[in-house]
Amino acid sequence: MENTNKQSAAAFADAKQAMLEDMKERGIGAVIWDNATAGFHFLPEVVCHSKKEPDKTRVAQVMGVYRYKDVLYLIEEDRAPIKFKDFWNPDTEAAPTVVTLTEDIAIKDLGDPEAVKGYTVQGTLEEWTAIADCYFEALAEA
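Since the model is a prediction, treat every value here as computed from it, not as a measurement.

Draft legend 1. Structural detail: the nonpolar core. Core analysis: the biggest nonpolar cluster contains 23 residues, and M19, V31, W33, V65, L72, L74 and Y135 have the highest contact counts within it. Counting only elements with at least two residues in this core, the list comes to α1 (2-26), β1 (30-33), β2 (45-49), β3 (57-68), β4 (71-76) and α3 (125-141). Per-element tally for this core: the top contributor is α3, with 7 residues. For V65, the residues in contact, after removing those within four places along its chain, are M19, M23, G29, A30, V31, W33, L72, Y73, L74, I75, I131 and Y135. Grouped together as the second largest cluster of nonpolar side chains are 17 residues, Y68, I75, W88 and L101 included.

Written out as structure tokens, the structure reads:
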């Protein structure tokens, strides 16, 4: 059983690192998607555990991923201090389904994910695998 847990932890770390490296190679600081129009096979969600109350959990819908200082954060919809509509001009542009931000713009617009609520690194291997699937589907739509 212990060996299986170590293998799962290694697979988890490898999957997150692969997505992080992919973002670096593409020059992407963040990918943000509109869950209402993205057409994913499932809604990307993670279960978040309270740091103060370990038995308290909540389900967070994920609206994107943010690469900040070599850590990959999930952007929580309706909790992060951003809205999808903040990234396009409805007066002059058609509504996109996906927005990608360079690293510089992501840092400017999203800030330090440790300083505000709405960004998390929590989630299981299965949840992060689903997020990775959404990430690659989002890139295909971008």
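Once you've had a look at it, read on.
Draft legend 2. Just the environment of M19, in detail. By secondary structure assignment, the location of M19 is in helix α1. Under the relative-accessibility criterion, M19 is labelled buried at 2%. Considered as a pair, M19 and L72 are 53 residues apart in the sequence and their alpha carbons are 8.3 Å apart.

Draft legend 3. Geometry of the pattern of salt bridges. Counted by the stated rule, this structure contains 7 salt bridges. The salt bridge partner of D70 is K24, with a shortest N-O separation of 2.8 Å. Placement of D70 in the loop between β3 and β4 and of K24 in helix α1 is noted, with a sequence separation of 46 residues between them. We classify D70 as partly exposed; its relative accessible area is 47%. Here K24 falls in the partly exposed class, since its relative accessible area comes to 32%. Its salt-bridge partner being R67, residue E103 comes within 3.7 Å of it at the nearest N-O pair. Taken together, the residues span a long stretch of sequence, with E103 in helix α2 (residues 103-110) and R67 in strand β3 at a distance of 36 residues. Among the charged side chains, a network of salt bridges with common partners joins E21, K24 and D70.

Reading guide: rules and limits
Residues numbered from 1 in each chain as written. Predicted model: local features only at pLDDT ≥ 70, side-chain atom pairs only at ≥ 80, totals over all residues. Heavy atoms only, no water. Core = buried A, V, L, I, M, F, W, Y, C linked by side-chain atoms within 4.5 Å. Buried < 20%, exposed > 50% of the residue type's maximum accessible area, 1.4 Å probe, protein only. Helix = DSSP H or I, 4+ residues; strand = E, 2+ residues; numbered from the N terminus. Contact = heavy atoms within 4.5 Å. Salt bridge = Lys/Arg side-chain N within 4 Å of Asp/Glu carboxyl O.

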